[in-house]
Amino acid sequence: MPARNILVINCGSSSIKFALVNEAHSQFTLSGLAERLGSHDAVLHWQRGGEKDSLMIPNGDHRAALAQLLPLVQSAAGGKLHGIGHRVVHGGEHFTAASRLDEATLRAIRATAPLAPLHNPANLLGIEAAIKLFPNLTQVAVFDTAFHQTLPEHAFRYALPDHLYREHGVRRYGFHGTSHRFVSHRAAELAGLSVGDSSWLVAHLGNGCSTCAIVNGQSRDTSMGLTPLEGLVMGTRSGDVDPNLHSHLARTLGWSLERIEQLLNKESGLLGLSGLSNDMRSLEQAREQGHAGATLAIEVFCYRLAKSLAAMSCALPQLDGLIFTGGIGENSPLIRSKTVAHLTLFNLALDKEANARTVRGVGGSIQAYGHPRVLVVPTNEERQIALDTLALLNA
Ligand code: ADP
């Protein structure tokens with residue numbers, strides 16, 4: 001059978017990220033981004049081979065962007081597109097794996113929207129547009145939450161009255177599941193272990209950040225919760241704060257819920273702590289020049305990350321390795337070494353040279369000789385979504 005092509009789509013409220021994945025090639029055949037959709041300066045950017053191009057689509061919506069994309073995809077796929085994989089943020093408790101998009105799946109995704117009011121409706125825009133444009137193609141939804149549906153109840157329940165869980169779904173769901181799953185499989189391959197018989201701690205550090213404990217290929221705990229705000233310090237998200245912060249700010253400053261949500265999601269994290277930037281690269285440069293806010297942001301980020309990894313270790317029977325991934329995890333020797341320095345009780349230590357050279361898409365082990373395994377594994381959520389789509393095509 002010739003190698004198959006899957007289009008992977010990740011739809012936001014005003015953007016679509018896409019990649020055309022060929023199962024036989026590690027590089028994407030075509031990739032790009034449509035942004036500012038719905039506005040007069042809506043634009044489609046794409047990259048094919050070494051060449052980049054873009055096209056203005058004034059007032060274009062999701063459907064208009066996908067329609068422009070269609071001939072590009074058909075040409076890059078040599079006329080043979082086999083399926084479309086859609087990233088969907090929240091699958092609630094309904095989805096424990098990827099699911100073929102039919103009426104029942106669409107209904108269940110719509111029903112989950114209250115849990116992800118910003119993300120799921122945006123994901124649905126892309127799905128509905130793609131189904132209209134490609135009615136005869138197999139389309140699949142791949143959920144950020146699905147991998148974490150194996151969490152035991154003692155890990156996913158909040159200490160809140162039972163009815164909030166039973167009647168309103170208030171529990172920990174976890175996110176970044178596609179990435180945690182992909183890198184734990186790659187790590188097992190790199191280490192020569194079977195994923196079904198190995199235990200990992202994962203730190204996915206991008207703009208959003210989360211940790212995960214993975215045992216025998218299953219997620220057993222993770223740092224994000226009901227929403228992607230819980231847990232680690234992130235680019236602009238606070239991660240964990242005292243749950244009474246909301247009422248404190250409302251009482252003392254008269255802030256509304258919307259104002260507090262804006263603070264915790266958009267103005268906090270690395271940006272809030274540093275007063276400078278949400279971008280780790282910028283913060284590392286500023287720290288080099290003695291910027292106090294950047295220095296503090298990096299210290300808090302690494303300490304909180306180490307603390308979360310130590311907490312996740314409660315879910316592991318043994319540690320086969322710690323995995324760093326995401327833009328920061330894959331590219332920042334500084335963050336890796338500062339984090340590992342807080343974990344000496346686990347006997348973790350890095351090889352300085354290996355840590356320094358394992359960046360920019362290079363993966364591999366970076367632990368010091370004789371210490372537990374620490375791996376850098378470039379994530380590839382698009383490929384994992386394509387693999388899940390292919391698996392359902394085969395089924
Ligand atoms: P997203 O979650 O949006 O996919 P990424 O996984 O691309 O984000 O991660 C973005 C983060 O990675 C940013 O904070 C960026 O500064 C950081 N990053 C990328 N390259 C480097 C680098 N060389 N050193 C430190 N941080 C980096």
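Predicted model, so just to flag it, every value in this text is computed and none were measured.

Chemist: Any chance you could explain the overall build of the protein chain here in plain terms?
Modeler: When its secondary structure is counted, the protein chain shows 15 helices and 14 strands. The C-alpha radius of gyration computed for the protein chain amounts to 21 Å, which stays within 12% of the reference 21 Å derived for 395 residues, consistent with globular compactness. In terms of principal-axis extent, the alpha carbons of the protein chain reach across some 55 × 55 × 45 Å. With 395 residues in all, the protein chain has 48% of them scored as buried. Intrachain contacts of the protein chain at a sequence separation of at least 6 include 60% that bridge at least 24 residues. Of the accessible surface of the protein chain, which amounts to about 18,000 Å², a share of 52% is contributed by carbon and sulfur atoms. Computed over 34 positive and 34 negative side-chain charges, the separation of the two mean positions in the protein chain equals 2 Å.

Chemist: It is not clear to me how helix H10 (residues 280-288) should be interpreted in this structure. Could you clarify?
Modeler: Count 3.6 residues to each turn of an α-helix, and residues three or four apart come out pointing the same way. Taken together, the buried positions of H10 are Met280, Leu283 and Ala286. The buried residues of H10 all sit within an arc of 120° when viewed along its axis, so they share a single face. Facing away from the buried side of H10 by over 90 degrees, the exposed positions are Arg281, Gln285 and Glu288. Considering only its buried residues, H10 is in contact with helix H9 (269-274), helix H11 (292-312), helix H12 (326-331) and helix H13 (333-341). Its side-chain oxygen 3.0 Å from the backbone nitrogen of Arg281, Asp279 forms the N-cap of H10. At the exit of H10 stands Gly290, carrying a positive phi of roughly 85°.

Chemist: In this structure, what is going on with the packing of aromatic side chains? I would like to understand it.
Modeler: The relative placement of two aromatic rings is captured by the distance of their centres and the angle of their planes. Under the definition given, this model contains two aromatic pairs. Relative to Phe143, the ring of Phe95 lies with its centre 4.1 Å away and its plane at 15°, an arrangement referred to as stacked. Taken together, the positions of Phe95 in the loop between strand E6 (83-88) and strand E7 (99-100) and Phe143 in strand E8 (residues 138-143) put the pair 48 residues apart, joining distant regions of the chain. For the pair formed by Phe95 and Phe143, the shared burial category is buried. When the ring of Phe156 is compared with that of Tyr165, the centres are 5.7 Å apart and the planes differ by 50°; the resulting orientation is tilted. The cationic tip of Arg171 hangs over the ring face of Tyr173; the distance from NZ or CZ to the ring centre is 4.8 Å. The ring of Trp255 is capped by Arg259, whose NZ or CZ atom sits 4.4 Å from the centre of that ring.

Chemist: Sorry if this is basic, but what is going on with the pattern of salt bridges here?
Modeler: Tallied over the entire structure, the rule returns 17 salt bridges. The closest approach of N and O atoms between Glu93 and Arg171, which form a salt bridge, is 2.7 Å. Placement of the pair is Glu93 in the loop between E6 and E7 and Arg171 in the loop between helix H5 (162-168) and helix H6 (177-191), with a sequence separation of 78 residues. With a relative accessible area of 39%, Glu93 lands in the partly exposed category. Arg171 gets classed as buried once you look at its relative accessible area, which sits at 2%. With a closest N to O distance of 3.7 Å, Asp279 and Arg281 form a salt bridge. Judged by relative accessible area, Arg281 falls into the exposed class, the value being 62%. Through salt bridges that share partners, Glu153, Arg157, Asp162 and Arg166 make up one connected network.

Chemist: What is the right way to read the sheet that holds strand E3 (residues 30-35) from this model?
Modeler: Within a sheet, each strand pairs with its neighbour through backbone hydrogen bonds, oriented either parallel or antiparallel. Taken in spatial order, the eight strands make up an open sheet running E5-E4-E3-E2-E1-E6-E8-E7, and their pairing is mixed. The open sheet has two edge strands, strand E5 (51-56) and E7, and neither has a second partner. Bridge count for E3 against strand E4 (residues 43-48) is six bridges, and the pairing is antiparallel. Note on E4: the bridge partner recorded for Gly32 is Trp46. Relative to the sheet, helix H1 (residues 62-76) contacts strand E1 (5-11), strand E2 (16-22), E3, E4 and E5, its axis offset from that of E4 by approximately 20°. Running at roughly 125° to E1, helix H15 (residues 381-394) makes contact with E1, E2, E6, E7 and E8 of the sheet.

Analysis parameters
All residue numbers here refer to positions counted from 1 along the written sequence of the relevant chain. Restriction of local features to residues with pLDDT of at least 70 applies here, the model being predicted, together with a cutoff of 80 or more for giving and counting side-chain atom pairs; totals for whole chains, interfaces and linings are based on all residues. Note: side-chain values were computed over all heavy atoms of the structure, leaving out hydrogens and water. By the criteria applied, helices consist of DSSP H or I runs no shorter than four residues and strands consist of E runs no shorter than two, each listed in order from the N terminus. Restricting the calculation to C-alpha atoms gives the radius of gyration, and the globule rule supplies 2.2 Å times the number of residues raised to the power 0.38. Classification of residues uses two cut-offs on accessible area relative to the type maximum, computed with a 1.4 Å probe and protein chains only: under 20% is buried, over 50% is exposed, and between them is partly exposed. The contact definition used throughout considers only heavy atoms, calling two residues in contact when any of these lie within 4.5 Å. To measure how exposed things are, a 1.4 Å probe is used in the Shrake-Rupley method; for residues, cover is taken only from the protein chains shown. Two residue types count as positive, namely Lys and Arg, and two as negative, namely Asp and Glu; His and chain ends fall outside the count. Note that the charge is assigned to NZ on lysines, CZ on arginines, CG on aspartates and CD on glutamates. Picture the helix axis, draw a direction to every C-beta atom, and the arc is the one those directions span. We call two N or O atoms a polar contact when they sit within 3.5 Å, provided that within protein one can donate a hydrogen and the other can accept it, with sequence-adjacent residues counted only if both atoms are side-chain atoms. Any two of the Phe, Tyr and Trp rings considered here, Trp counted by its six-membered ring, make a pair once their centres fall within 6.5 Å; the pair's planes then place it as stacked at under 30 degrees, edge-to-face at over 60, or tilted in between. Counting as a charge over the ring demands two things of the Lys NZ or Arg CZ atom: a distance within 6 Å of the ring centre and an angle within 35 degrees of the ring normal. Salt bridges, as used here, are contacts in which a Lys or Arg side-chain nitrogen is within 4 Å of a carboxyl oxygen on Asp or Glu. DSSP-based pairing: two strands are paired if at least 2 bridges between them are found. Between N-to-C directions, angles span 0 to 180 degrees; the directions come from axes that are lines fitted to C-alpha atoms, helices contributing only their stretch in contact.

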